[in-house]
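# Observations on the three-dimensional arrangement
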Amino acid sequence: RAFVYDEGAATDEGERVAALARWGIYPDDAAPQALAFGPLTFEKRGRTLDQLVTHSKLGEASVLMLEQLQGAAVSYHDFDRITLLQRHGAFYDYVERVAARRGRELVICADGSTNWAVILLLRVAASARPGVEIRYAGDLTLAGALAVDRLSRRCGVNLHPWLMDP
């Protein structure tokens, strides 16, 4: 803890949280999971992790834990875009539509505030498909609009606001 709060070691709250995360310490219990839907499979330590694509074929979302994502590499992907939705209700409604039309899309729920598992999932998926369109739909508030920029920087991807026109 002394290292994290030393002068110069971490100058703002985001850097302190990131420093703690490197040690596996997270600020809340919800941080280590991401709710997602889509055609994406991982490889980790010689094993295929296909839970997401398997549940997606059934029209179901799946929870991925941060621990599952750490050290995993994408072994299969078949999506044309990534959509990040801020709220559960919008996520489940949208997943239902994507499943009905058998869309080729990775859909991720940010669950109110984007956590480490969501950030890692977004980074890994985007790196597997360089240049893929990544859309973000959040609250139509100043905070919601600012979240697009903040998330782009945190995730290292270019998010495009979607359905956020006033």
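Rules of the game
Residues numbered from 1 in each chain as written. Predicted model: local features only at pLDDT ≥ 70, side-chain atom pairs only at ≥ 80, totals over all residues. Heavy atoms only, no water. Buried < 20%, exposed > 50% of the residue type's maximum accessible area, 1.4 Å probe, protein only. Helix = DSSP H or I, 4+ residues; strand = E, 2+ residues; numbered from the N terminus. Core = buried A, V, L, I, M, F, W, Y, C linked by side-chain atoms within 4.5 Å. Contact = heavy atoms within 4.5 Å. Pairing = 2+ DSSP bridges. Axes fitted to C-alpha atoms, helices over the stretch in contact; angles between N-to-C directions. pLDDT = per-residue confidence, 0-100. Salt bridge = Lys/Arg side-chain N within 4 Å of Asp/Glu carboxyl O. Expected span 1.5 Å × (residues − 1). Arc of directions from axis to C-beta.

## Quick notes on unusual backbone geometry
Only a minority of non-glycine residues have a phi that is not negative, and only a minority of peptide bonds are not trans. The phi angle at Arg-45 is positive, at roughly 50°, despite the residue not being glycine. Under the relative-accessibility criterion, Arg-45 is labelled exposed at 77%. Although it is not a glycine, Arg-102 sits at a positive phi angle of roughly 55°. Along the chain, Arg-102 falls in the loop between helix 5 (88-100) and strand 7 (105-109). Take Arg-102: its relative accessible area is 73%, and that puts it in the exposed class.

## Side note on the nonpolar core
Of all hydrophobic cores here, the largest spans 34 residues; its most connected members are Ile-82, Ile-108, Leu-121 and Leu-122. At the level of secondary structure, the elements contributing two or more residues to this core comprise strand 1 (33-37), strand 2 (40-44), helix 4 (66-69), strand 6 (81-85), strand 7, helix 6 (116-128), strand 8 (133-137) and helix 7 (142-155). With ten residues, the single largest contributor to this core is helix 6. Every residue in contact with Leu-122, bar those within four places of it in the chain, is listed here: Ile-82, Leu-84, Ile-108, Ile-134, Cys-155, Val-157 and Leu-159.

## Structural notes on the sheet that holds strand 5 (residues 73-77)
Pairing is antiparallel across the open sheet formed by three strands, whose spatial order is 3-2-5. Both edges of this open sheet fall to strand 3 (47-49) and strand 5, since each of them pairs with a single strand only. Ignoring strand direction, the axes of neighbouring strands in this sheet form an average angle of 30°. Bridge count for strand 2 against strand 5 is four bridges, and the pairing is antiparallel. Within the sheet, the bridge partner assigned to Phe-42 lies in strand 5 and is Val-74.

## So, the confidence of the model for the protein chain
The predicted model of the protein chain averages 82 in pLDDT, with 77% of residues at 70 or higher. Across residues 1-8, confidence stays below pLDDT 50; counting only partners more than four residues off in sequence or on other chains, it has seven contacts.

## Points about the pattern of salt bridges
Opposite charge on two side chains makes pairing possible when the charged atoms of those side chains draw close. Applying the stated rule across the entire model yields six salt bridges. Note that Asp-80 is salt-bridged to Arg-104, the shortest N-O span being 3.0 Å. Of the two residues, Asp-80 sits in the loop between strand 5 and strand 6 while Arg-104 sits in the loop between helix 5 and strand 7, which places them 24 residues apart along the sequence. Exposure remark for Arg-104: the relative accessible area of 41% places this residue in the partly exposed category. Note that Glu-105 is salt-bridged to Arg-101, the shortest N-O span being 3.1 Å. For Glu-105, a relative accessible area of 1% corresponds to the buried category.

## Side note on helix 5
Compared with the 18 Å implied by 1.5 Å per residue over 13 residues, the 18 Å span of helix 5 between its first and last C-alpha is a close match. Residues Phe-91, Tyr-94, Val-95 and Val-98 constitute the buried set of helix 5. In an axial view of helix 5, the angular spread of the buried residues amounts to 105°, which keeps them on one side of the axis. Of the residues in helix 5, the exposed ones pointing more than 90 degrees away from the buried face are Glu-96, Arg-97 and Ala-100.

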